[in-house]
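Results of the structural survey
In case you want the letters, here they are:
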Amino acid sequence: MALRAADRLKVVLNHLDRSGVNVRTSFTSAQNLSHHRPEALQYTFDTDVLSPEQRLAYEEDGFILIKNLVSEEDINRFRKEFERICKRDVKIPGLVVMRDVSIAKSEFVQGEKAVTKLQDFQEDLELFRYCTLPQILKYVECFTGPNIMAMHTMLINKPPDTGKKTSRHPMHQDLHYFPFRPADRIVCAWTAMEKVTRQNGCLVVLPGTHKGTLQEHNYPEWEGGVNKMYHGIRNYNPNHPRVHLEMEKGDTVFFHPLLIHGSGMNRTPGFRKAISCHYASADCHYIDVEGTTQENISKEVEELARKRVGNDATISFQDSWAVRGRLVQGDRTSL
Ligand SMILES: CCCC(=O)SCCNC(=O)CCNC(=O)[C@H](O)C(C)(C)COP(=O)(O)OP(=O)(O)OC[C@H]1O[C@@H](n2cnc3c(N)ncnc32)[C@H](O)[C@@H]1OP(=O)(O)O
Ligand SMILES: Nc1ncnc2c1ncn2[C@@H]1O[C@H](COP(=O)(O)OP(=O)(O)OP(=O)(O)O)[C@@H](O)[C@H]1O
Ligand SMILES: O=C(O)CCC(=O)C(=O)O
Ligand SMILES: [Fe+2]
Ligand SMILES: [Mg+2]
C-alpha cells in the first residue's frame, strides 16, 4: 500500500536526520528566499516552536490549529472595541465597515447588527494589538521567517443569515487578493472570538489544496446575492473532502494563502465573530497581475480606490497593499 504523504515525509526526515544532513531550515535561508531548502519541508521553518509532527501536518494539510492561543481578556477587549466602532464612538482612518449585502440593500439596520466585517483596522491601536501578540507572531515566524509584515486585517461578524444565504463566504484562496509572492511566505492567523461551529458558520477547509495553483475566481451565481468582493472559485468541486474547523474562543488557525476555504451560513440567532490578520515576509515582492487570473480583483480594488480618493490620484492594486501593510517584527526589507 502506498504511504500517505505525511508518512513519506517522516521517512525522509528520519533518513536525513540519521545521515547527518541538516534538514532543519534555518533563519539564514529564511532571510534569503531564493536559498535552497530541502524539498521535504517547503512551507515551514524550524524555530523550535512547531514540533516535527506539526510541521509535517502543515506541509500536508496547509493549516494548523492551535488551541487556546489568545486569552479571554484580550478577546473581550477586541469585542469592546468592535462595539465602540459600530456605535461610531471612534473614527479610525482607513477602516472599512462593511454591512451584509442583504441588509445593506433592503432594510435599514443600525449598529453592530448590520455589520458583517471590519476591514483594515491597522490604525486602530486596540484591534491592531491582535496582530502584534507575541504568541501569534511566534507561530507566524515559522511560516514567514523573521521579517514580518501585517498586510491585511479583518474582524468578521458573520450575522445570522437573513434567509438569503448571504452570510456564506464562497470557497476561495486568499492569494487571489494578494499581488505579492512567494505564496509560501504568507500566512493567515484566524482566531475564534467565541465558539464557532458548523451551525454558526465555522471555517470550512479543503486540506492539501495549498499544494495546487491559484484558481480562477469570480462572483458565484447565488440567487440571494453575494457580498462585495466575495469572489469564489469558479469551478468549485463540491466533492473534495472538506473539514469543518470547529473552534473554541481563543483557538487560532494558521493557514496557507492557497488553501481553499470558505464558511457556511450562520443558522443561529447570534453573530459569529473572528479576528484575523494576513502576514507576509517583508522580503516578499510585488508582482504585476495583468493578464493573470487576479486581473478581475485588481480592477475592482482600483475602481473602489478611485471612488474613495477621486479620479486624480491613481492607487494601484499594489499601492493599496503597500499603504496598509505594517511592520510587526524585524526589518521592512521589501514590501
Ligand atoms: C483575503 C481577503 C479576502 C477578502 O477580503 S474578501 C472581502 C473583501 N471585501 C471588501 O474589501 C469589501 C469592502 N467593502 C467595501 O468596500 C464597502 O463595504 C462597500 C461594499 C463599497 C460599501 O461601502 P459603503 O460605504 O457602505 O457604501 P454605500 O452604503 O454607499 O454603498 C455603495 C453601494 O454598495 C452597495 N453595497 C453595500 N454593501 C454591500 C455589500 N456588502 N455587498 C455588495 N454591495 C454592497 C450598496 O447597495 C450601494 O450600491 P448602489 O450604489 O446603491 O447600487
Ligand atoms: N456553489 C458554491 N460555490 C462556491 N462555494 C460554495 C458553493 N456552495 C457552498 N459553498 C461554500 O462551501 C462552504 C460550505 O457551505 P455550506 O453552506 O454547505 O456550509 P456547511 O457549514 O457545510 O453547512 P452544512 O452543514 O449544511 O453542510 C461555504 O464556504 C460555502 O460558502
Ligand atoms: O470568517 C470567515 O467566514 C472567512 C473569511 C475569509 O475567509 C476571508 O475573508 O478571506
Ligand atoms: Fe479567506
Ligand atoms: Mg454543506
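Quick notes on the rules
- Residues numbered from 1 in each chain as written.
- Chains lettered and ligands numbered in written order.
- Predicted model: local features only at pLDDT ≥ 70, side-chain atom pairs only at ≥ 80, totals over all residues.
- Heavy atoms only, no water.
- Donors = N, O, S within 2.8 Å, 3.2 Å for Na, K, Ca; no water.
- Buried < 20%, exposed > 50% of the residue type's maximum accessible area, 1.4 Å probe, protein only.
- Domains from an automatic or database assignment.
- Buried area = accessible area lost by both parts, 1.4 Å probe.
- Salt bridge = Lys/Arg side-chain N within 4 Å of Asp/Glu carboxyl O.
- Polar contact = N/O pair within 3.5 Å; in protein donor to acceptor, adjacent residues only side chain to side chain.
- Helix = DSSP H or I, 4+ residues; strand = E, 2+ residues; numbered from the N terminus.
- Phe/Tyr/Trp six-rings, centres within 6.5 Å; stacked < 30°, edge-to-face > 60°.
- Lys NZ or Arg CZ within 6 Å of the ring centre and 35° of its normal.
- Near = heavy atom within 4 Å.
- Areas by Shrake-Rupley, 256 points an atom, 1.4 Å probe, with all protein chains shown as cover.
- Nonpolar A, V, L, I, M, F, W, Y, C, P; charged D, E, K, R; others polar.
- Patch = residues over 30% accessible without salt bridge, like charges linked within 9 Å, V, L, I, M, F, W, Y side chains within 5 Å.
- Lys, Arg positive; Asp, Glu negative; His and termini not counted.
- Charge placed at Lys NZ, Arg CZ, Asp CG, Glu CD.
- Contact = heavy atoms within 4.5 Å.
- pLDDT = per-residue confidence, 0-100.

The subject of this paragraph is the coordination of the iron ion (ligand 4). Within the protein, the iron ion (ligand 4) binds to His172 (NE2), Asp174 (OD) and His261 (NE2); these donor distances fall in the range 2.1 to 2.2 Å. In the primary sequence, the donor residues of the iron ion (ligand 4) line up as H-x1-D-x86-H. No difference in accessibility class separates His172 from Asp174, as the two residues are buried.

Before going further, it helps to spend a moment on the domain arrangement of the protein chain. Domain boundaries in the protein chain define domain 1 (2-60) and domain 2 (65-329). Here domain 1 meets domain 2 over a buried area of about 1,600 Å², counting both sides, of which 60% is carbon and sulfur. In this structure, the connection of domain 1 to domain 2 is made through one salt bridge. Residue Lys211 pairs with Glu60 through a salt bridge whose shortest N-O separation is 3.3 Å. Counting the contacts that link domain 1 with domain 2 gives seven residue pairs in polar contact (both at pLDDT 80 or more). Looking at the side of domain 1 that touches domain 2, the elements that each hand over two or more residues are α2 (27-31) and α3 (52-61). Broken down by element, the residue count for the side of domain 1 that touches domain 2 peaks at four residues, all from α3.

Once that is clear, we can look at the packing of aromatic side chains. This structure, assessed with the given rule, holds eight aromatic pairs. Ring geometry for Phe78 against Tyr130: centres 6.1 Å apart, planes inclined by 90°, an arrangement best described as edge-to-face. With a gap of 52 residues between them, Phe78 in helix α4 (residues 72-86) and Tyr130 in helix α6 (residues 125-132) connect regions that are remote in the sequence. Per residue, the accessibility class of Phe78 equals that of Tyr130, and both read buried. Ring pairing ties together the aromatic residues Tyr58, Tyr139, Phe143 and Phe254, which thus form one cluster. Here the basic side chain of Arg168 rests over the ring of Trp222, its NZ or CZ set 3.7 Å away from the ring centre.

Looking at where Cys284 falls in the secondary structure, it is placed in the loop between β14 (272-281) and β15 (285-286). Residues Cys284 and Trp321 lie 37 residues apart in sequence; the distance between their C-alpha atoms is 12 Å.

Around ligand 1 sit 19 residues in total, of which Arg99, Gln119, Asn227, Lys228 and Arg308 are the nearest. One of the side-chain N or O atoms of Arg308 is found 2.6 Å from an oxygen atom in ligand 1. Contact with the protein chains removes 66% of the 1,000 Å² of surface that ligand 1 exposes when unbound. Elements represented by at least two residues in the shell around ligand 1 include exactly β2 (96-99), α5 (101-104), β3 (115-119) and α8 (295-309). Looking at the shell around ligand 1, the element that brings in the most residues is β2, giving three residues. Of the residues contributing to the shell around ligand 1, the split by class is nine nonpolar, four polar and six charged.

A cluster of basic residues, Lys165, Arg198, Arg242 and Arg267, forms a positive patch on the protein surface. Along the chain, Arg198 turns up in the loop between β7 (186-192) and β8 (203-205).

Time to look at the side chain of Thr252. By secondary structure assignment, the location of Thr252 is in strand β12 (residues 252-255). Ignoring sequence-local partners within four residues, the contact set of Thr252 consists of Ile64, Leu65, Ile66, Leu69, Val70, Tyr130, Ile136, Ala189, Trp190, Thr191 and Met247.

Arg181 connects to Pro182 through a cis peptide bond whose omega is 5°. Locating Pro182 in the fold gives a position in the loop between β6 (180-181) and β7. Here Arg88, not a glycine, exhibits a phi torsion of approximately 60°, which is positive. Summarising the element assignment, Arg88 is placed in the loop between α4 and β2. You can call Arg88 exposed: its relative accessible area is 74%. Even without being glycine, Asp120 reaches a positive phi, approximately 65°.

With respect to the helices and strands, Lys195 occurs in the loop between β7 and β8. Look at Lys195 and you get partly exposed, because its relative accessible area is 46%. In this structure, the C-alpha to C-alpha distance between Lys195 and Glu248, residues 53 residues apart in sequence, is 4.3 Å.

Of the residues in the protein chain, 87% reach a pLDDT of 70 or more, and the chain-wide mean stands at 87. Counting contacts from residues 11-38, a segment whose pLDDT is below 50, to residues more than four positions away or on other chains yields 41 contacts. Among the prediction metrics, the complex's ipTM stands at 0.89, with pTM recorded as 0.88.

It is worth spelling out the site of ligand 2 at this point. With respect to spatial proximity, 13 residues lie near ligand 2, and among them His169, Arg198, His244, Ser263 and Arg267 are the closest. In the environment of ligand 2, a nitrogen atom lies 3.3 Å from a nitrogen or oxygen atom belonging to the backbone of Met171. A distance of 2.7 Å separates an oxygen atom of ligand 2 from a polar atom in the side chain of His244. Protein burial of ligand 2: of its 620 Å² of free accessible surface, 75% is covered by the chains. Mapped onto the shell around ligand 2, the elements with two or more residues apiece are β5 (169-172) and β13 (261-263). Considering only residue class, the shell around ligand 2 consists of four nonpolar, five polar and four charged.

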